[in-house]
Amino acid sequence: MNTQLRQRAAQIVDVVADRLADAPRVAEIAGAPHNVITTIDGTVPLWSPLNLSDGYPGVALLFAELAAHDPARRRSTHDHLVAGLAASPSPPPAELYSGAGALTYAAQAAARIHGGYATLLAMMDRNIAEEATAQAEASRARIDAGEPIGHWASYDLICGTGGLGCYLLARHELADDGMVTDALTTVLSLFTSVALADDVTLNGVKVPAWWVRHDQLYNETDSGGHLDLGMAHGMSGVLALLALAWRAGVRVDRQDEAISRIVAKLNEFRLTDAAGPYWPTALMAVDIVRPSTERPRERDVWCRGSAGLARALHLAGAAFGNADWQADARDTLLAALGTADPGRVNSMTLCHGWSGLLQITWRMAMDTGDPSYRDACDALASTIIDGFDEKEPFGFAYIHPRTKRKHDRPGFLEGAAGIALALHAYAGGEPPVTNWDAVLLLN
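Keep in mind that this is a model prediction, so the values were computed, not measured.

A. Highlighting the packing of helix α9 (residues 235-247) against helix α12 (residues 306-320). Between α9 and α12, the least distance of the axes is 8 Å, while the angle of their chain directions is 25°. Judged by the inter-axis angle, α9 sits roughly parallel to α12. The element α9 and its partner α12 pack so that their crossing is left-handed. Together, S236, L239, A240, A243, L244, W246 and R247 of α9 and L309, A312, L313, L315, A316, A319 and F320 of α12 make up the contact between the two elements. Along the lines of polarity and charge, the residues of the contact of α9 with α12 split into 12 nonpolar, one polar and one charged.

Pasting the structure below:
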């Protein structure tokens, strides 16, 4: 990888970290009354204190990783964690990316480096294990009754059971706690059951058991629901979690068969253009009834589309030594990178921007040593570096595609902390010490 680019990336990381070090200042800038997105759908604030995407826990993740190399950064980790706890002292632990789940995930990342937070982690391990078990059992009852899983949060990474499974897998690796492992296996058993379940007929249409009901995001006009194929909200995230758990030695009956079934189901919806294979973001009932082979590419990024899916497919292939899956993953990711452009990838962020593509590609480069991935990392890092602006409060401005206005976002998923983490991994050339990208199901 390009030495000069890596040095410049490291310099930018230091600048961004310095801008994010003062927790009260970060909150003041990000929480300013004008720092909101206003569209026809309403006004959305861009600062949520106890949130992994746009809050203190997301910034703490950055400093936890930096503290592994620079102990002076440890203080900023703690300051952001304490500020998050003070912002909402008794948050519900229902989601990985908000509330106590977000705070505790950041705390466990910090604990990997210098210990501490044992009381908080022990308490939240118990609460999250109980919540994950309850959610999984409720979804399992629907599957056992011959229904689809039915609800967005039943396997969503950001706000659902998939995210709690991600947390439990991270804690399983650190905490000698049978309750954590039991809850994790309950979640894995649920997803295995869904993968192995027969298709379900709804309104005369046979749909996979992964089908979820109405969601306002898609503006559906019928009762058909939708099927998301991506990493953040869909089947790819489940595939990655099952594969990562298998690699970590956490296995349930027929988990290997379930992984194969998910790959086969994804391949039912695979499309190909001149660049290579790709997948639609999501499918509606009409897409099941009248599948199209000419559906154009959408935004192939981490959260949705083919880039995140490619990483999930690679993880499954690596877990089982399946060269065909790994080759498909390579073809898919390189096609996504080859067709990526600012019209579709319109931010520098991890979630749906260039940094997410960089982290996926960097992980693939580390896993395989493939020079195509290494060259792509240089190109992606160059794009992100070009987006750095010394005049912006956090070094990177966020421009919402609907409003075209600049916004200040310091957080992890859609802000400067996440961008800095991706640049830090690229600059250092070593796996993250905190394994921070496990929260994206990338490793």
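B. Fine view of the UniProt feature "binding site: Zn(2+)" (unreviewed entry) in the protein. The UniProt record annotates "binding site: Zn(2+)" (unreviewed entry) at C303, C351 and H352. These annotated residues cover 50 residues of sequence, and their C-alpha atoms all fall within 6.0 Å of one another, placing them together at a single site. In this fold, C303 is placed in the loop between α11 (285-289) and α12. For C303, a relative accessible area of 7% puts it in the buried group. For C303, the residues in contact, after removing those within four places along its chain, are G230, M231, A232, H233, C351 and H352. Structurally, the position occupied by H352 is in the loop between α13 (323-339) and α14 (354-368). Those residues in contact with H352, other than ones at most four positions away along the chain, are R299, V301, C303, V345, N346, S347, Y398 and E414.

C. Region of interest: α14. Under the 1.5 Å per step criterion, the end-to-end length of α14 is 21 Å for 15 residues, consistent within 8% with the ideal 21 Å. Among the residues of α14, W354, S355, G356, L357, L358, Q359, I360, T361, W362, R363, M364 and A365 are the ones counted as buried. Of the surrounding secondary structure, the elements contacted by the buried residues of α14 are α12, α13, α15 (371-386) and α16 (416-428). Of the residues flanking the end of α14, it is G369, one or two places downstream, whose phi is positive at about 70°.

D. Representation of the side chain of Q359 in the model. Tracing the chain through its elements places Q359 in helix α14. Taking the relative accessible area as the measure of exposure, Q359 reaches 0% and is therefore buried. Residue contacts for Q359: discarding those within four places in its chain leaves A422, A425, P432, W436, D437 and L442.

E. Seen up close, the packing of helix α5 (residues 99-114) against helix α7 (residues 161-172). The geometry of α5 relative to α7 is characterised by a closest axis approach of 11 Å and an angle of 20° between their N-to-C directions. Looking at the two axes, α5 sits roughly parallel to α7. Remark: the crossing between α5 and α7 carries left-handed chirality. Together, T104, Y105, Q108 and R112 of α5 and Y167, A170 and R171 of α7 make up the contact between the two elements. Residues of the contact of α5 with α7, tallied by class, amount to three nonpolar, two polar and two charged.

F. View of the pattern of salt bridges. Per the stated rule, a full pass over the model turns up 23 salt bridges. Residue D273 is joined to R297 by a salt bridge in which the shortest nitrogen-to-oxygen separation is 2.7 Å. Here D273 is found in the loop between β6 (271-272) and β7 (277-278), whereas its partner R297 is found in the loop between α11 and α12, with 24 residues between them in sequence. Taking relative accessible area as the criterion, R297 reaches 10% and is therefore assigned buried. Taken together, the shared-partner salt bridges in this structure form one network comprising D18, D70 and R73.

What counts, and at which threshold
- Residues numbered from 1 in each chain as written.
- Predicted model: local features only at pLDDT ≥ 70, side-chain atom pairs only at ≥ 80, totals over all residues.
- Heavy atoms only, no water.
- Axes fitted to C-alpha atoms, helices over the stretch in contact; angles between N-to-C directions.
- Helix = DSSP H or I, 4+ residues; strand = E, 2+ residues; numbered from the N terminus.
- Parallel < 35°, antiparallel > 145°, perpendicular 65-115°, else oblique.
- Left-handed = near helix turned anticlockwise from the far one by under 90°.
- Contact = heavy atoms within 4.5 Å.
- Nonpolar A, V, L, I, M, F, W, Y, C, P; charged D, E, K, R; others polar.
- UniProt positions renumbered as here; feature names shortened; annotations may be inferred.
- Buried < 20%, exposed > 50% of the residue type's maximum accessible area, 1.4 Å probe, protein only.
- Expected span 1.5 Å × (residues − 1).
- Salt bridge = Lys/Arg side-chain N within 4 Å of Asp/Glu carboxyl O.

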